[in-house]
Amino acid sequence: MMLRAIGDRSTWRVELAVAVFLIAFPWVFPIIGGYANLATRILILGLFGIGMDLIFGYTGMLSFGQAAFYGTGGFVTAYLLSTGMLHNTLGALAAGTIAAACCGMIIGYLCLRQSGVYFAMLTLAFGEVFYFLENSPLAKWTGGENGLPGLPKPVIPLGFTTLHVQSNLALYYFVAILFFVGYWVARRIVRSPMGAVLRAILENPARAAAVGHNVPKYKLAVFTIAAAYAGIAGGLLGIFQGYMPPDAFSIDQSGEIIIMTIIGGAGTLIGPLVGAGLWSYLREALQNLHGVGAFWKLILGLLFIVLVTLFRRGITGGITDSIGLFRVRRRTAAAHVEEAPAVSGEVQP
Amino acid sequence: MNWHLIAAQLLNGLALGSILALVALGLTITFGLLGLVNFAHGVFFMVGAYAGFVTFQYTHSFGLAVLMGALVVLVVGIVVERVVIRLFYRRPPEDQILVTFGLAIVIVEIVRAIFGGKTQLFPMPSWGMGATNLGFLVYPNYRLQVIVIAAITLAAIYLVLYKTRLGLIVRAGIDDSLIVNILGIDVTKTLLAVFVLGAMVAGFSGVIDAPIVAVDPDMGASVLIESFVVVVIGGLGSFSGSILGGIIAGEIISITTIWAPDYAQVMLYLAMALVLILRPQGLFGTEGRL
């Protein structure tokens, strides 16, 4: 269904396929032992991962600090809802998203003073700052090590009526709608002129700058957007669990979203969802297997190393690449799928 | 104001800083020659600590524990380099980071599977117990010894890097690895040696630090991040930068702990942000190295 995520012509078909998948997912997933809550969790991580994919898959910036924004969005949303300051769930989500985007702008400004390995190290270090801040100095508001419990089920005033999202399935569709909007926006971004500049930065930052694009500004913009995605996903996590865990800020969280994005396929937007699905599903399935349960992370870690070593574009990328081999391309402009893997070692004329 | 407390914290900062300097130096050596930022570096620290822990349990000899810590990491380092890392020298830095990050997860999980996830106390060696009266302050022996051990090790690494043939190649490689290749030096062996040297320094530091912090499978992660901060402050790829950065980082943590323990870590990262704004290449880094 997502095979055409990097298609060339049919814009709306991909969106339609994703929409159909999102509607059908909770009904199909139980066949292999999944359930609505697991599906919701996967969508939340998939939404988080879209941001990761925008900065890493499309722009080439490897951030190890995305948990900072996931946690920020989550805790701002959770604080507003659990204290009763806001009853409108969407309002609280918006506030959390904006807060995360603001943090993203500040951290991005600092980290983007460097690129490459330095950027990765800096984002990791700044991610840790947020973890420590949540843990003690801000514990009065965040609950410190205990996190924030007591988030109500989503309440959405629509003017003429007020929706109360109660059942697990309803919650799934609430998250699915937001995921779809997030996916649609991200796809618009990568297919816009801005998306073209981002890919130019991925392929060759110096050349992108030389033809007159303000590279730092674009990088900061996409970093801020990614932080917003992390923020809304964090907010949804708290609402979904009824509890905002401090783990959202941990380095493990930053690492896991990278792993999911890589396993699923970076530079595809839908890849992180595939990766999140595989990660979450395998985790559940392996944990229930006798004798293997303790090793689930080891197994997924090995899978990750193999994918990084051999299949740099992950599962979705691998599928789209092999399909691409059989397809006759009508326009060369659409051929970026094949160019993408070879970008890094390229020598400039 | 309690001057004894401040003096004690200054010394604590020096002890912490010298460990951080050692770990960061390993990171910097690997980066300097191989151009590889090793996200599994903290894991070598942890593996060293565990190897030392097991050896100490059986032999009650701290000397043997340190030796085994370094040797086990030597073996792990060789295996990791030969099987995975060597495939990545020519890959983009992002791939190198990702694969070492994956390796870190796998190694942590293996250690967790063998030893369990519990934090285990590493007993203090008998000669490290007790305290010394320094005249103005009574201070635990072991921390003083850590400072001395770290200083000796740093001096030894300095000698290796600046007075031996290997060191010459390493430094030449940092300046211009292409020319070193052209001069006909077996780069593969040198790469392996440098990678393993960096790893062993981390493993060694792990054993030295273990009696102070206790061992658990996740102990490498925080050390890794703090040593990142050290190299950002000192300048990645700089020998003196690692040492000065380590001591600065150790002192910031210890001194802040006196007044606001909650902010000790936060302060460290603020200092890093300040260095980044004022001097992005680090105190001893040279512009345009990256």
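Owing to the predicted nature of the structure, the values given are computational and were not obtained by experimental measurement. (Residues numbered from 1 in each chain as written. Chains lettered and ligands numbered in written order. Predicted model: local features only at pLDDT ≥ 70, side-chain atom pairs only at ≥ 80, totals over all residues. Heavy atoms only, no water.)

Q: Go over the overall build of chain A with me, naming the residues and quoting the values.
A: For chain A, the count of helices and strands is 15 helices and four strands. For chain A, the residues scored as buried account for 55% of the 349 residues in total. Residue pairs in contact within chain A that sit at least 24 positions apart in sequence constitute 75% of those at least 6 positions apart. As displayed, chain A has an accessible area near 14,500 Å², and 66% of this comes from carbon and sulfur atoms. (Helix = DSSP H or I, 4+ residues; strand = E, 2+ residues; numbered from the N terminus. Buried < 20%, exposed > 50% of the residue type's maximum accessible area, 1.4 Å probe, protein only. Contact = heavy atoms within 4.5 Å. Areas by Shrake-Rupley, 256 points an atom, 1.4 Å probe, with all protein chains shown as cover.)

Q: I'd love a proper account of the confidence of the model for chain B, names of residues and values included.
A: With 97% of its residues at a pLDDT of at least 70, chain B reaches an overall mean of 87. In the model of chain B, helix α6 (residues 165-182) of chain B stands out as the element of lowest mean pLDDT, 76, in contrast to helix α2 (residues 41-59) of chain B, which has the highest, 95. (pLDDT = per-residue confidence, 0-100.)

Q: Residues and numbers for the pattern of salt bridges, please.
A: Close approach of charged atoms allows side chains with opposite charge to pair. Residues and elements named next belong to chain B. Summed over the entire model, instances satisfying the criterion amount to five salt bridges over all chains. One salt bridge connects arginine 112 with glutamate 109, and the closest N-O pair in it is separated by 3.5 Å. Taken together, the positions of arginine 112 and glutamate 109, both in helix α4 (residues 93-115) and three residues apart, correspond to about one turn of that helix. Looking at arginine 112, the relative accessible area reads 26%, which means it is partly exposed. Of the charged contacts in the structure, one is a salt bridge between arginine 112 and aspartate 218, with a shortest N-O distance of 3.2 Å. Of the two residues, arginine 112 sits in helix α4 while aspartate 218 sits in the loop between α7 (187-213) and α8 (219-234), which places them 106 residues apart along the sequence. Counted as one network, the salt bridges with shared partners bring together Glu109, Arg112 and Asp218. (Salt bridge = Lys/Arg side-chain N within 4 Å of Asp/Glu carboxyl O.)

Q: Quick rundown of the side chain of serine 63 of chain A? Include the residues and the values.
A: Residue and element names in this part refer to chain A. Mapped onto the fold, serine 63 is located in the loop between α2 (36-57) and α3 (67-82). In this structure the side chain of serine 63 is engaged in a polar contact, spanning 3.2 Å, whose partner is the backbone nitrogen of glycine 65. At 2.7 Å, the side chain of serine 63 forms a polar contact with the side chain of glutamine 66. In this view, serine 63 contacts Met52, Ile55, Phe119, Thr123, Phe223 and Ile258; residues no more than four positions away in its chain are not counted. (Polar contact = N/O pair within 3.5 Å; in protein donor to acceptor, adjacent residues only side chain to side chain.)

Q: How would you explain the nonpolar core if you had to name every residue and give the values?
A: The biggest cluster of nonpolar side chains holds 185 residues, and the ones touching the most others in it are Phe64, Phe69, Tyr70, Phe126, Phe174 and Phe179 of chain A together with Phe39 of chain B. Broken down by element, this core gets its largest block of residues, 13 residues, from α2 of chain A. Setting aside residues no more than four positions away along its own chain, phenylalanine 126 of chain A makes contact with Ile107, Leu110 and Cys111 of chain A together with Tyr269, Met272, Ala273 and Leu276 of chain B. (Core = buried A, V, L, I, M, F, W, Y, C linked by side-chain atoms within 4.5 Å.)

Q: Summarise the state of the cysteines; cite the residues concerned and give the values.
A: By definition, a disulfide links the sulfur atoms of two cysteines through a covalent bond. One pass over the structure, following the stated rule, counts zero disulfides over all chains. Cysteine 102 of chain A takes part in no disulfide bond, and the closest cysteine sulfur, belonging to cysteine 103 of chain A, lies 7.0 Å away. (Disulfide = S-S within 2.5 Å.)

Q: Pulling in residues and values, what's your account of the interface of chain A and chain B?
A: Counting residues at the interface gives 38 residues for chain A, matched by 42 residues for chain B. Carbon and sulfur atoms supply 81% of the area that chain A and chain B bury against each other, a total of about 3,700 Å² over both sides. Sorting the residues of chain A by area buried against chain B places Val117, Tyr118 and Met121 of chain A first, and these three jointly supply 18% of that buried surface. At the boundary of chain A and chain B, one finds zero salt bridges. Joining chain A to chain B, the criterion identifies three residue pairs in polar contact (both at pLDDT 80 or more). (Buried area = accessible area lost by both parts, 1.4 Å probe.)

Q: Describe unusual backbone geometry, and please don't skip the residues or the numbers.
A: All names here are of chain B. Phi at histidine 60 takes a positive value of approximately 55°, unusual for a residue other than glycine. Structurally, the position occupied by histidine 60 is in the loop between α2 and α3 (62-83). Positive phi is not limited to glycine here, since alanine 214 has a value of about 70°. Positionally, alanine 214 belongs in the loop between α7 and α8. When its relative accessible area of 7% is taken as the criterion, alanine 214 is described as buried.

Q: Go over the packing of helix α13 (residues 296-310) of chain A against α4 of chain B, please, and point to the residues and values.
A: Interaxial distance between α13 of chain A and α4 of chain B falls to 9 Å at its minimum, and their mutual angle equals 160°. Judged by the inter-axis angle, α13 of chain A sits roughly antiparallel to α4 of chain B. For the pair α13 of chain A and α4 of chain B, the crossing hand works out as left-handed. Here Lys297, Leu298, Gly301, Leu302, Phe304, Ile305, Val308 and Thr309 of chain A of α13 of chain A come into contact with α4 of chain B, specifically with Asp95, Leu98, Val99, Phe101, Gly102, Leu103, Ile105, Val106, Glu109 and Ile110 of chain B. Classifying every residue of the contact of α13 of chain A with α4 of chain B by side-chain character gives twelve nonpolar, three polar and three charged. (Axes fitted to C-alpha atoms, helices over the stretch in contact; angles between N-to-C directions. Parallel < 35°, antiparallel > 145°, perpendicular 65-115°, else oblique. Left-handed = near helix turned anticlockwise from the far one by under 90°. Nonpolar A, V, L, I, M, F, W, Y, C, P; charged D, E, K, R; others polar.)

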